[in-house]
Amino acid sequence: MTDTDADIAPDPDVPSPEFADPESVLRLPRLAAVTAVPGGRVIAAIQQADEHGARTPSALWELDPAGEAPARRLTASEKGEGGPRPAPDGSVLFTSARPDPEGGSVEDGAAIWRLPVAGEARLVASAPGGLELLAVADDGTMLAATSVLPGGTLEDDAERRTARKDAKRTTIWHTGMPIRQWDHEIGDQERHLLLVSPGGEITDLTPGVGTVALTSASADLSPDARTVATTWTRRVPGGETRSDLVLLQVATGERRTLLAADEESQVSSALFSPDGTRLAVLRWTHSTPASTSLPRLEIRGTGGEGEDVAVVVPVHLGDLTPTDLAWAGPRTLLVAGDLHSSGAILAVDAATGTVRTFADGGVFSSLSVAEDGAVLALRSDVATPPRPVRIAADGAVTELPAPGGIDVLPGTLEQVETEVDGVTVTGWLCVPTGASAADPAPVMLWIHGGPHASYNSWSWRWCPWIAVAHGWAVLMPDPAMSTGYGDAGLNRGWPRRPEVVFGECEALLDAVLEREVLDGTRTAMLGASFGGFLANWIAGHSDRFGAIVSHAGLWALPQQHRTTDAAASKMRVHRHEDEDPEWYAASSPHRAAAAITTPMLVTHGNRDYRVPVSEALRLWWDLVSGWDGEPEHMPHRFLQLTSENHWVLTPSNAMLWNRAVLAFCAQHVLGGPSADEAIFW
């Protein structure tokens, strides 16, 4: 389809969903990114499920920075358009796998496109392995990343890919760890950094880089396009890796290590200041049996004019766990993150490290600074999906009209807390409209994953309001090891002690169950990832719940710690089972398989490399083989998601997952019909 504004009528605002129907919720438009563009424009990427619920392609929309006029859609294609970034001339750069209407060559992967202020989008650059747009310099030069088959060059990559595809070769030659990441293999491709001129000329900055150095690198381009700051990963003994911060000189290819990872910490990202004299650097300490991985932010000189490379300004963020960085000027760094079951944006003085609160009252992401100094961001909370906002210099917040808003929720939201061993444990309680002492609501306890995470914002994958619309109250605690509570909060309960986390969650559950509108005799427990591990552990150590749902949960820890894509950190923390037999005996859920009496719904994705599907397969065997009654009476069920990774991302699969969970819990807690009969394929 064309990209001309006049040819595409803006989609009407989608009304608030009928939460009782998961499909209605999962078809709601989703704000994925927002960015300020020169000339005072605001561009957003908005995702929405396609007709079949197979994908959620995104499109670019223009928003009114004054917050008055409705949004208007700029692009539309089957492949979708995303990752918008401003160009100096006021155009918008984005990536898409859409075909070139002018007949130019576009590879199978995403290419870089330019959408001018007026007119249609034009292809800028493409590569056989696709392009990821990382940064844009002051003169419009772009930093991008691509994938190249090992041992080859950008020039011969297309030919080598065709030969590999025609021969159906799928082998990978491994020389060390890691070999997997999240849902894809490592070693079959090299990730290269590219310089792309405004006219589309491509220069490979890292030829022959190998398969490890830039696999998951975070990189930025200096404003003058002369230097690239990137993380650079190297292997070290024991199957581990370390990520340094290096500076690449664009003109010469010279690589200089600015900050070498050591036994204490390694770099995760770096961001140039607008004048190029400073770098905001985020480091994480290495997790050990005594301490988890902790965030450390510092501002370093780059050696450019007016700033000595030796200058290092440490920044103390208090309880905030950082998630997003953006410069608001040469001296001011904005840091968004989790804070106390909510979130905030902190403003940091780059010269002194002094911190002040710039905005709070929600979780902020996709930070972007406009020409007038206002900050554009997406803001969310447990009751509100991400919404585009404009934050003025004085902190005043204006929400910008955009598709996907929620008008009415099927219940109420309240922050709750209790005290456990002198520590305040907080969480969020969702109660369905109409719950009363005469008709109390059954209760679901949800335990989040991570374990370093927080129930502080909207979730499309685990939306409590779907359950609330079906009459359930949902309690979402932030127990030990949650983000947003400083180092002490992250370390409380370490190293991943399930009895500590469940103790805090159960205490908060008991506290809210004192309310007459909640029915403590009808409860279910749900969790994913670390929460799934807790679900599996709770199943063997408690019979208080009528049903337990475990998604992507760890089951046999001696097995999982060696097969996960994060094996190095897992083994560093927990070591071999013969080195810490007491922890494994008390913590590995499979040790208590014989004690499980609660009906369990196990759900897992085949492409999950973080918690391999072998965990679910072994758990399922233990449940089925351990059932001593008639097979047709076995209460447990397994929902296998053969195309999903650690998450359930395909809308149609997410719809079925929600229906399966609700039907299973209704059967075993509420006495409803068999979930087998309630699931429609």
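Reading the values: rules and limits
- Residues numbered from 1 in each chain as written.
- Predicted model: local features only at pLDDT ≥ 70, side-chain atom pairs only at ≥ 80, totals over all residues.
- Heavy atoms only, no water.
- Helix = DSSP H or I, 4+ residues; strand = E, 2+ residues; numbered from the N terminus.
- Rg over C-alpha atoms; globule rule 2.2 N^0.38 Å.
- Buried < 20%, exposed > 50% of the residue type's maximum accessible area, 1.4 Å probe, protein only.
- Contact = heavy atoms within 4.5 Å.
- Areas by Shrake-Rupley, 256 points an atom, 1.4 Å probe, with all protein chains shown as cover.
- Lys, Arg positive; Asp, Glu negative; His and termini not counted.
- Charge placed at Lys NZ, Arg CZ, Asp CG, Glu CD.
- Pairing = 2+ DSSP bridges.
- Axes fitted to C-alpha atoms, helices over the stretch in contact; angles between N-to-C directions.
- Salt bridge = Lys/Arg side-chain N within 4 Å of Asp/Glu carboxyl O.
- Polar contact = N/O pair within 3.5 Å; in protein donor to acceptor, adjacent residues only side chain to side chain.
- pLDDT = per-residue confidence, 0-100.

*Asks:* Looking at this structure, I do not really get the overall build of the protein chain. What am I missing?
*Replies:* When helices and strands are counted, the protein chain shows 12 helices and 38 strands. For 681 residues, the compact-globule estimate of 2.2 N^0.38 gives 26 Å, and the protein chain sits close to it at 25 Å. Taken along the three principal axes of its C-alpha coordinates, the protein chain extends 70 × 60 × 60 Å. Among the 681 residues that make up the protein chain, the fraction classed as buried is 53%. Put simply, of all contacts in the protein chain between residues at least 6 apart along the chain, 54% involve residues at least 24 apart. As presented, the protein chain carries roughly 27900 Å² of accessible surface, and 50% of it is formed by carbon and sulfur atoms. One way to put it: in the protein chain the 51 positive side-chain charges average out to a point 4 Å from where the 89 negative ones average out.

*Asks:* Just to check I follow, could you spell out the environment of Ala49 for this structure?
*Replies:* Here Ala49 shows up in the loop between β2 (41-47) and β3 (58-63). In this structure the C-alpha to C-alpha distance between Ala49 and Gly67, which are 18 residues apart in sequence, comes to 26 Å. When near neighbours in sequence (up to four residues on either side) are disregarded, Ala49 contacts Leu26, Arg27, Arg55, Thr56 and Pro651.

*Asks:* Any chance you could explain the sheet that holds strand β24 (residues 332-339) here in plain terms?
*Replies:* Think of a sheet as strands paired side by side through backbone hydrogen bonds, with each pair either parallel or antiparallel. Here 4 strands make up an open sheet; going across it, the order is β23-β24-β25-β26 and the pairing antiparallel. At either end of the open sheet lies a strand with only one pairing partner, and these are β23 (321-329) and β26 (355-360). Neighbour-to-neighbour, the strand axes of this sheet turn through a mean angle of 30°, independent of strand direction. Where β24 meets strand β25 (residues 342-349), 8 bridges bridge the pair, whose relative direction is antiparallel. Directly across from Leu334, in β25, lies its bridge partner Ala347.

*Asks:* What is the right way to look at the pattern of salt bridges in this model?
*Replies:* Think of it this way: side chains of opposite charge can pair up when their charged atoms draw near. Scanning the entire structure with this criterion turns up 31 salt bridges. For Arg544, the salt bridge is made with Glu506, and the minimal N-O distance between the two is 2.9 Å. Separated by 38 residues along the polypeptide, Arg544 in the loop between α6 (530-539) and β36 (547-551) and Glu506 in helix α5 (residues 498-512) bring together distant segments of the chain. Classification of Arg544 as partly exposed rests on a relative accessible area of 27%. Salt bridges here are not isolated pairs; linked through shared partners, they connect Asp21, Glu23, Arg27 and Arg659.

*Asks:* It is not clear to me how the environment of Ser380 should be interpreted in this structure. Could you clarify?
*Replies:* Within the fold, Ser380 resides in strand β28 (residues 375-381). The buried category is assigned to Ser380, whose relative accessible area is 6%. Ser380 sits 142 residues away from Arg522 along the chain, and the two C-alpha atoms are 31 Å apart. Looking at Ser380, its side chain comes within polar contact range of the main-chain oxygen of Thr384, at 2.7 Å. At 3.0 Å, the side chain of Ser380 forms a polar contact with the backbone nitrogen of Trp458.

*Asks:* Got a minute to help me understand the confidence of the model for the protein chain in this structure?
*Replies:* Regions with low pLDDT should not have their predicted coordinates read in detail. Across the protein chain, the average pLDDT comes to 95, with 96% of residues at or above 70. Between residues 1-14, whose pLDDT stays under 50, and residues either more than four places distant or in other chains, the model counts 33 contacts.

*Asks:* Help me out: how do you make sense of the side chain of His286 in this one?
*Replies:* Position of His286 among the secondary structure elements: in the loop between β20 (278-285) and β21 (295-301). Polar side-chain contacts of His286 include one of 3.3 Å to the side chain of Arg242. At a separation of 2.8 Å, a polar atom in the side chain of His286 contacts the main-chain carbonyl oxygen of Asp262. Discounting chain neighbours no more than four positions away, the residues touching His286 are Arg242, Asp262, Glu263, Glu264, Ser265, Gln266, Ser291, Thr292 and Arg572.

*Asks:* What should I look at first to understand the pairing of strand β1 (residues 30-37) in this one?
*Replies:* Across a regular strand the side chains alternate sides, sitting on one face of the sheet and then on the other. By the criterion of burial, β1 is predominantly enclosed, with 7 of the 8 residues buried. Strand direction decides the pairing type here: β1 and β2, joined by 7 bridges, are antiparallel. Counterpart to Val34 in the pairing with β2 is Ala44. The hairpin formed by β1 and β2 contains 3 residues between the paired strands, and Gly39 there has a positive phi angle of roughly 100°.

*Asks:* Help me understand unusual backbone geometry, please; the structure alone is not making it clear to me.
*Replies:* Most peptide bonds are trans, and most residues other than glycine sit at a negative phi. A cis amide bond, omega 5°, links Gly450 with the succeeding residue Pro451. Of note, Pro451 is situated in the loop between β33 (441-447) and α3 (464-469). Omega for the peptide link from Trp494 to Pro495 comes to 5°, which places this bond in the cis form. Relative to the helices and strands, Pro495 resides in the loop between α4 (486-491) and α5. At Ser366, a residue that is not glycine, the phi angle is positive and equals roughly 55°. Mapped onto the elements, Ser366 comes out in strand β27 (residues 363-369). The phi dihedral of Ser529 falls on the positive side, at around 60°, and the residue is not glycine. With respect to the helices and strands, Ser529 occurs in the loop between β35 (518-528) and α6. Ser529 gets classed as buried once you look at its relative accessible area, which sits at 16%.

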